[in-house]
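Chain by chain, the residues run as shown.
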Amino acid sequence: MSNRAQKNEEQPAIRVGFFELFRFATCKDILMMVVGCLCALLHGSAQPLMLLVFGLLTDAFIEYDIELQELSDDRKECVNNTIQWKKNYTAAYNLSALLDIEYEMMMFAFYYAGIGAAVFLLGYLQISLWVTAAAKQIQLIRKLYFSKVMRMEIGWFDCTSVGELNTRMSDDINKINDAIADQVSIFVQRFTTFVCGFCVGFVKGWKLTLVIIAASPLIGVGAGLMALVRLLTGMELQAYAKAGSVADEVLSSIRTVAAFGGEKKEVQRYDRNLVSAQRWGIRKGLIVGFFTGFMWLVIFLCYGLAFWYGSSLVVDTKEYTPGTLLQVFFGVLIAAMNLGQASPCLEAFASGRGAATIIFETIDREPEIDCLSEAGYKLDRVKGDIEFHNVTFHYPSRPEVKILDQLNVVVKSGETTAFVGSSGAGKSTAIQLIQRFYDPKEGMVTLDGHDIRGLNIQWLRSLIGIVEQEPVLFATTIAENIRYGRPGVSDKDIITAAKEANAYNFIMDLPQKFDTLVGEGGGQMSGGQKQRIAIARALVRNPRILLLDMATSALDNESEAVVQAALDKVRMGRTTISIAHRLSTIKNADVIVGFEHGQAVERGKHNELLERKGVYFTLVTLQSQGDKALNEKARQITYNVASIRRRSRSQLSNLIPEASVPTGDISISRPDNDKDDELVEPASAARILKYNTPEWPYMLFGSIGAAINGGVNPVYSLLFSQILATFSVQDPVAQRKEINSICLFFVVVGIVSFFTQLLQGYAFSKSGELLTRRLRRLGFQAMLGQEVGWFDDHRNSPGALTTRLATDASQVQGATGSQIGMIVNSLANIGVALIISFYFSWKLTLLILCFLPFIALSSGFQASMLTGFAKQDKEAMEAAGQISGEALNNIRTIAGLGKEKTFVEMYEAQLDAPYQAALKKANVYGACYGFSQCIIFLTNSGSYRFGGYLVQKEGLHFSLVFRVISAIVTSGTALGRASSYTPDYAKAKISAARFFQLLDRVPQISVYNDKGEKWDNFQGNIDFIDCKFTYPSRPDIQVLNGLNVSVKPGQTLAFVGSSGCGKSTSVQLLERFYDPNHGKVLIDGHDTTRVNVSFLRSKIGIVSQEPILFDCSIAENIKYGDNLREISMNEVISAAKKAQLHDFVMALPEKYDTNVGSQGSQLSRGQKQRIAIARAIIRDPKILLLDEATSALDTESEKTVQEALDKARQGRTCIVIAHRLSTIQNSDIIAVMSRGIVIEKGAHDQLMALKGAYYKLVTTGAPIS
């Protein structure tokens, strides 16, 4: 995908207003959210309500204390002393107003308990309603997003990487979920508390409130800073998406990486892309730290100011009672605190809006070619005349390269038209325009005279059957794959289609017949088998128009002849367009059209065109120079693919194109998979921290900062009770002095708090981001270190692995970093509070401590519940992720079959489980939340009652009651905060466990260790001795059955045989992607299982049939051939010259710096192949493996490349797998394989003289039995 396009798309950060996040809510959801909001409103007003009662109480306490002092000073009895609130003290000093205080306290306890009960109910409702409503909306957003992505035109996919879409579907939608679920109701609750607090302040004492408010613009400035966090979240996402697509690309082409020993290089490339994500994360942490520190500073300065001014109002002008001062002071304080606590919610909203921007834009984007729209005509009768009128076209991802230039072609109905021409001439592109994957930039394509843009797309595509050169099958059974061709087709039709496509016999040979699973991307089938299933799928549609894009090129001679016959049979009466390089396929076409540079330069029959001596003539003569008889039969030919052809997952089969490529694990059914995941024991925190050890200085300083921050709350309760004590001091001078010193202390605490918050924010985000980066790198490295067989397991498909890197690693942060900060903060808070409390009144402290276990319990309960949920969510979403991954990767095939709806339905069916889990979560989480909120009120209720008793009976000073209660209650809220962090912790431990499982797995064939034999004069002597082998993912199918063959240094061995006979498998054993189950492979007499893996692979160069290139420049791709050293540009150029590549590269605008696109999609097949050859040459290997290396070239390039290969073969041991006899003839040894054993071997002439299988193959192309 071109980077420029991407940058332009993603510059603007957030364009989604907060309420737009709820645009998908139904009336019922809105009702639930409104009721939830009402509950949150009432819940929020509970605290300020308490203040009113609290003020009265304080006044009672202070009057009582002054009374005591007077009595004790003057030693006078106080009879009928009326106190402000009209209650008579009639007793003498020693009986002191016993009744009074006890009674006040009883009332107070009842108030508290009542409010506590209400809070429980409201808390439960507000959370459960919001979470439920959010679950519904998220389910809808997921559905809409996926169905809209499936409706996008193909050009959109060219410009958007699949890895990125997968990341968006998992992470970004979760971010939206966080923004519209419980956070909203918690925000409403806190905001209400904020408003009500101010109301209490204004009603009770407006002067003081105004003075405090004067300072509030400063808080506003802090809130403004939060906007920056939004920006950063977007940047961080974008920064990771880059690294994610690197991971996706590498894991998808793991065999190429392994063959060229690129593991370390890829880990570094991935790591480089992680740096930017890390940088943004750290900046975010710093800003959040600064913001919270700033808030605290302002709040403490306000305290100091408020108390200094308020005390003068109480003491000097006697406007307020101390109780009023507290109501105002606390009203504003609670208001400010809650405003501060509401800020994390804003952060969640911000990141949710950031994530929603791209997702909603996609949902709103109208596809340029909408495949699901009902619009457009459906013709009653279709003749099948197709015509191109002056069509000009370039791919949206590469607007500067014209693919078709004023193309004019007529295809008559019922005729077979062959398109021929060199690679990249625009043949496949023309076919894609007929399917309307793209619309031409100029000109038009017509069907029976109607512009196809006016026809209904689904209807148009239903007329067309297409057989591509690299067919894509879906991860289901053979019967289902064929049924994809036409919904509701009967089993009889499937069997007929299979017979017509010559697939019936091999299907019936399989153990489960039509119910055999084909694996992801059809990986369990050989190339020829896949091709025939794809042909059956096209035939079952009974199409009017048949498009054959090199349909038989992947087949060996035997299958090719039969499939060709099947195709000839079904071509009758249909309009057929066939692209091919093999003359045998083209000769009997009714019309042949020669393409060159995006134009049709000639058309006619075979003989007419030969006379014209044009494009076709050159192709033919070049082809005929070999032995004609051989050529005609054994032309095993080209894949040319239009320059932009999104590669299917058959990529995975990269090095083993036609032996079975297990990419999906069939024998393991789904249920086992779940068992496997349940075994994950949450990882120990100690081990997670071990990975964080290099950051210990950061964590140490962060923890110190956090500890000091934790101490701030209890210190505040100390100061606050000190304030109360001053009001009962009788001597004005001493009173004033004490008041001033407390004010100063507030300021000091504020300043300290600012710096420690800043320190905590920065230090922990730094250590957390470094950990995430380290884990991602280690995880990626561990993945690349696994043996190739590990990737065959469907649980380790590239999609699942990239998701794991993206989410698991970032979740592990939940157990370290800022979360450690939270824990230390809370512990310090509780510690300091307990010390203060026990020091001043141990009895009261003990009573309150009885409540603490409940507070802790409520949070622990919450944690354990959420752990369970985290696990279910993950599993439920993974199933959906697999469907979406498969769909996005094979979007062309799905579009061609018109199966978008089916995939959308399958995806939606998978979404039900996560939704049910979320509903369950809502109730449990709500109950826990309600409980943890109300427990504080109940605590207060009991403790003030007991406090009154102690003041009464034991003469405890009243300020100490306040001191102890407020110290412990604030520490209780700190516990609550530690508990709000528990879900992250739970998730983190499970994610970490899965990660460690990966890191601890010992690969059967390890690339990273240095053990194993190495030797200096590596000869390249190869012996296969009685090798037996089955793919680990399909233990029931024996691929090699005792293979015996040997090659001397410098010799060339050619493997010949039908698809699936084990040719490519033997190559994989040599590369040590797998080890034989029995027998051994010897190199220079050393058993490969004992040789050092990277040493062995460094001596082998491979050129495979579908070469995989990486999304970087041509030069970098060539340099990939040798990852053990720095390669100079001169070497690259000389390798390119040897591979006949240099001239083509120099013709490109950016020469060797041209980016080849994702999976090499910017180049034609022949060009890719030559890059792959240059890559193998630069390695200077002792052993060269050519797996169908030239089959992808057209005749012109083929000859030159063949020469290049012949040159490269000199002095090297070479193993060639080919279907073209011309390539094989001059090999030293030809081994004919069948069913996993060698049935004949010898040189060409010997084998011809034998008149055995090889002779038959050459002369008749008969099957090798």
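Please read these numbers as outputs of a predicted model, since none were measured by experiment.

**Brief notes about the overall build of the protein**
And then number 1: Across its full length, the protein carries 45 helices and 22 strands.
And then number 2: Sequence separation of 24 or more characterises 83% of the internal contacts of the protein that already satisfy a separation of 6 or more.

**Quick look at the pairing of strand β8 (residues 464-467)**
And then number 1: Covered by surrounding structure in β8 are Ile 464 and Ile 466 together with Gly 465 and Val 467, the residues of both alternating faces.
And then number 2: Pairing geometry for β8 and strand β9 (residues 545-549), over four bridges, is parallel. Pairing of Val 467 across the sheet is with Leu 548, part of β9.

**Topic: helix α32 (residues 900-910)**
And then number 1: Turning to α32, its buried residues are Glu 900, Phe 903, Val 904 and Tyr 907. Each buried residue of α32 sits inside an arc of 100 degrees when the element is viewed along its axis, so together they form one side. Exposed side chains of α32 directed beyond 90 degrees from the buried face belong to Glu 905 and Ala 909.

**As for the pattern of salt bridges**
When the charged atoms of two side chains with opposite charge come close together, those side chains can pair.
And then number 1: What the rule picks out here adds up to 19 salt bridges.
And then number 2: With its nearest N and O atoms 2.6 Å apart, the salt bridge here joins Asp 364 to Arg 23. On the criterion of sequence distance, the pair formed by Asp 364 in helix α11 (residues 322-364) and Arg 23 in the loop between α1 (3-10) and α2 (27-74) is long-range, its members being 341 residues apart.
And then number 3: Residue classification places Asp 364 among the partly exposed positions, given a relative accessible area of 43%.
And then number 4: Arg 255 is the partner of Asp 792 in a salt bridge, and the nearest nitrogen-oxygen pair spans 3.7 Å. With Asp 792 in the loop between α27 (788-791) and α28 (798-812) and Arg 255 in helix α9 (residues 254-259), this residue pair connects regions lying 537 residues apart in the sequence. Residues Asp 792 and Arg 255 agree in their burial class; the two are buried.
And then number 5: Through salt bridges that share partners, Lys 148, Arg 151 and Glu 366 make up one connected network.

**As for the packing of aromatic side chains**
And then number 1: Under the criterion given, the structure shown has 30 aromatic pairs.
And then number 2: Summarising the aromatic geometry, the rings of Tyr 112 and Tyr 944 are spaced 6.3 Å apart at their centres and angled 0 degrees between planes, so their arrangement reads as stacked. With Tyr 112 in helix α3 (residues 98-151) and Tyr 944 in helix α33 (residues 912-954), the pair connects residues that are 832 residues apart, well separated along the chain. Comparing Tyr 112 with Tyr 944 shows no difference in burial state: the two are buried.
And then number 3: Note on Phe 290 and Phe 294: the rings are 6.2 Å apart at their centroids and 15 degrees apart in plane angle, and the pair reads as stacked. Residue Phe 290 and its partner Phe 294 are both found in helix α10 (residues 263-315); the two are separated by four residues, about one turn of the helix.
And then number 4: For Phe 290, a relative accessible area of 32% translates into the label partly exposed.
And then number 5: You can call Phe 294 buried: its relative accessible area is 16%.
And then number 6: The structure contains a cluster of three or more aromatic residues connected by ring pairs, namely Phe 187, Phe 191, Phe 194, Phe 198 and Phe 349.

**Here we look at the packing of α32 against α33**
And then number 1: Relative orientation of the contacting elements α32 and α33 amounts to 25 degrees, with a least axis distance of 4 Å. Our classification of the angle between α32 and α33 gives roughly parallel. Across from Glu 908, Ala 909 and Gln 910 in α32, the residues of α33 making contact are Asp 912, Ala 913 and Pro 914.
And then number 2: Looking at the contact of α32 with α33 residue by residue, the classes come out as three nonpolar, one polar and two charged.

**Here's the deal with the sheet that holds strand β13 (residues 1022-1030)**
And then number 1: With respect to topology, four strands assemble into an open sheet ordered β14-β13-β16-β17, the strand pairing being antiparallel. Every interior strand has two partners, whereas the edge strands, β14 (1038-1047) and β17 (1086-1087), have only one.
And then number 2: Here β13 pairs with β14 via seven bridges, running antiparallel. In the strand pairing of β14, Thr 1030 is matched with Gln 1038.
And then number 3: Each of β13, β14 and β16 (1078-1083) is contacted by helix α36 (residues 1063-1071), which is oriented at about 110 degrees to β13, the strand it contacts most.

**A word on the confidence of the model for the protein**
Caution is warranted with low-pLDDT regions, since their predicted coordinates should not be read in detail.
And then number 1: For the protein, the mean per-residue pLDDT works out to 75, and 82% of the residues sit at or above 70.
And then number 2: Considering only residues more than four positions removed or in separate chains, one finds that residues 75-99, a stretch of pLDDT under 50, has 37 contacts.
And then number 3: The low-confidence segment residues 624-678, where pLDDT is below 50, has 223 contacts with residues more than four positions distant or belonging to other chains.

**Some details on the packing of helix α7 (residues 206-214) against α10**
And then number 1: One can describe the packing of α7 onto α10 by two numbers: an axis separation of 9 Å at closest approach and a directional angle of 155 degrees. The orientation of α7 relative to α10 falls into the category roughly antiparallel. You can see that α7 and α10 cross each other, and the crossing is right-handed. The residues of α10 that touch α7, namely those facing Lys 207, Leu 208, Val 211 and Ile 212, are Cys 302, Leu 305, Ala 306, Tyr 309, Gly 310 and Leu 313.
And then number 2: Class assignment for the residues of the contact of α7 with α10 results in eight nonpolar, one polar and one charged.

**Structural notes on a negative patch on the surface**
And then number 1: A surface patch of negative charge is lined by Glu 400, Glu 1116, Glu 1150 and Asp 1153.
And then number 2: Along the chain, Asp 1153 falls in the loop between α40 (1142-1146) and α41 (1165-1178).
And then number 3: We classify Asp 1153 as exposed; its relative accessible area is 55%.

**Observations regarding the environment of Ala 993**
And then number 1: Structurally, the position occupied by Ala 993 is in helix α35 (residues 982-1000).
And then number 2: Remark: the alpha-carbon pair of Ala 993 and Ile 688, spanning 305 residues in sequence, is separated by 9.0 Å.

The rules behind these values
Residues numbered from 1 in each chain as written. Predicted model: local features only at pLDDT ≥ 70, side-chain atom pairs only at ≥ 80, totals over all residues. Heavy atoms only, no water. Helix = DSSP H or I, 4+ residues; strand = E, 2+ residues; numbered from the N terminus. Contact = heavy atoms within 4.5 Å. Buried < 20%, exposed > 50% of the residue type's maximum accessible area, 1.4 Å probe, protein only. Pairing = 2+ DSSP bridges. Arc of directions from axis to C-beta. Salt bridge = Lys/Arg side-chain N within 4 Å of Asp/Glu carboxyl O. Phe/Tyr/Trp six-rings, centres within 6.5 Å; stacked < 30°, edge-to-face > 60°. Axes fitted to C-alpha atoms, helices over the stretch in contact; angles between N-to-C directions. Parallel < 35°, antiparallel > 145°, perpendicular 65-115°, else oblique. Nonpolar A, V, L, I, M, F, W, Y, C, P; charged D, E, K, R; others polar. pLDDT = per-residue confidence, 0-100. Left-handed = near helix turned anticlockwise from the far one by under 90°. Patch = residues over 30% accessible without salt bridge, like charges linked within 9 Å, V, L, I, M, F, W, Y side chains within 5 Å. Areas by Shrake-Rupley, 256 points an atom, 1.4 Å probe, with all protein chains shown as cover. Lys, Arg positive; Asp, Glu negative; His and termini not counted. Charge placed at Lys NZ, Arg CZ, Asp CG, Glu CD.

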